[in-house]
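Listed below are the residues making up each chain.
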Amino acid sequence: MYRAKNGEKERLENVFRRLGRSRFRSGFRLKAKEALYLRQKGLPEVLSHGRDFLEKRLAPALPPNDGKQTPWGGHPVFRAQHATATCCRSCLLKWHGIPKKRKLTEQEIDYILLVIEMWLSAQSDSQE
């Protein structure tokens, strides 16, 4: 799985604190089918899917349909992306300070996956 790098722990705590204050972002929960899928496949495989989604949908400098490229559900990663504001380049800029109009770096993709992993883990814990 992914680990916070130096200085990221405070950044992550700040981001999750802000997300928790957002009525919109804090209202997201995994649907029953998404939670079941996560349990059946396991977090490592779901995050592997997440990496693929990020590389295809968010990583390009100018992603096609930016702002509309992430479905609202159907896969745990999609729901997590909306909950964590990692769903489009505008949200990545506003909530995470990741600039638009340039390709995401591997470090940024790892950071986004860590954010998604943290949210999914919290969802799993709350449903047990």
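Please refer to the structure higher up on the page.
Bear in mind that the values here come from a model prediction, so they are computed numbers and not experimental data.

Undergrad: Which parts of the structure should I look at to understand the overall build of the chain?
TA: Along its length, the chain carries seven helices and zero strands. The linear arrangement of helices and strands in the chain, starting from the amino end, is α-α-α-α-α-α-α. Taken against the 2.2 N^0.38 rule, which gives 14 Å for 128 residues, the C-alpha radius of gyration of the chain at 14 Å falls within 12% of a compact globule. Projected onto its principal axes, the C-alpha coordinates of the chain cover approximately 40 × 30 × 30 Å. Taking all 128 residues of the chain together, the buried fraction comes to 45%. Within the chain, contacts between residues at least 6 apart in sequence are counted, and of these 68% link residues at least 24 apart. Total accessible area computed for the chain in this model is approximately 7300 Å², and 51% of it derives from carbon and sulfur atoms. With 25 positive and 14 negative side-chain charges, the chain shows a separation of 8 Å between the mean positions of the two kinds.

Undergrad: What should I look at first to understand the packing of helix α1 (residues 8-21) against helix α6 (residues 89-96) in this one?
TA: A pair of packed helices can be characterised by two numbers: the angle between their axes and the separation between those axes. Closest axis-to-axis distance for the α1/α6 pair is 10 Å, and the angle between their directions is 110 degrees. By the criterion of interaxial angle, the relationship of α1 to α6 is roughly perpendicular. Of the residues in α6, those in contact with R11, V15, R18 and L19 of α1 are K94, W95 and H96.

Undergrad: I'm lost on α6 in this one. Help?
TA: Taken residue by residue, α6 has R89, C91, L92, W95 and H96 as its buried positions. For α6, the angular spread of the buried residues around the axis is 160 degrees, confining them to a single face. Downstream of α6 by a residue or two, G97 has a phi angle that is positive, lying close to 70 degrees.

Undergrad: Which parts of the structure should I look at to understand the packing of helix α3 (residues 32-41) against helix α4 (residues 43-57)?
TA: Where α3 contacts α4, the axes come no closer than 6 Å and their chain directions differ by 110 degrees. One element, α3, and the other, α4, form an angle in the roughly perpendicular class. Between α3 and α4, the residues in contact are Y37, L38 and K41 and L43, E45, V46 and H49, respectively. In terms of residue class, the contact of α3 with α4 is made up of four nonpolar, one polar and two charged.

Undergrad: Sorry if this is basic, but what is going on with the nonpolar core here?
TA: For soluble globular proteins, nonpolar side chains are generally found buried alongside one another. L104, Y111, I112, I116, W119 and L120 are the most contacted members of the largest nonpolar core, which has 35 residues in total. Residue assignment for this core shows that the elements contributing at least two residues are α1, α3, α4, α5 (76-83), α6 and α7 (106-126).

Undergrad: Mind showing me how you'd approach the pattern of salt bridges here?
TA: In this structure the tally under the stated criterion is five salt bridges. The residue E55 makes a salt bridge to R51 at a minimum N-O spacing of 3.7 Å. On the criterion of helical spacing, the pair formed by E55 and R51 is a turn pair, its members being four residues apart in helix α4. For E55, a relative accessible area of 35% gives the class partly exposed. Since its relative accessible area comes to 17%, R51 is described here as buried. Put simply, R51 and D110 hold a salt bridge, and the shortest N to O gap is 2.4 Å. Of this pair, R51 sits in helix α4 while D110 sits in helix α7; the two residues are 59 residues apart in sequence, bridging distant segments of the chain.

Procedures and definitions
Residues numbered from 1 in each chain as written. Predicted model: local features only at pLDDT ≥ 70, side-chain atom pairs only at ≥ 80, totals over all residues. Heavy atoms only, no water. Helix = DSSP H or I, 4+ residues; strand = E, 2+ residues; numbered from the N terminus. Rg over C-alpha atoms; globule rule 2.2 N^0.38 Å. Buried < 20%, exposed > 50% of the residue type's maximum accessible area, 1.4 Å probe, protein only. Contact = heavy atoms within 4.5 Å. Areas by Shrake-Rupley, 256 points an atom, 1.4 Å probe, with all protein chains shown as cover. Lys, Arg positive; Asp, Glu negative; His and termini not counted. Charge placed at Lys NZ, Arg CZ, Asp CG, Glu CD. Axes fitted to C-alpha atoms, helices over the stretch in contact; angles between N-to-C directions. Parallel < 35°, antiparallel > 145°, perpendicular 65-115°, else oblique. Arc of directions from axis to C-beta. Nonpolar A, V, L, I, M, F, W, Y, C, P; charged D, E, K, R; others polar. Core = buried A, V, L, I, M, F, W, Y, C linked by side-chain atoms within 4.5 Å. Salt bridge = Lys/Arg side-chain N within 4 Å of Asp/Glu carboxyl O.

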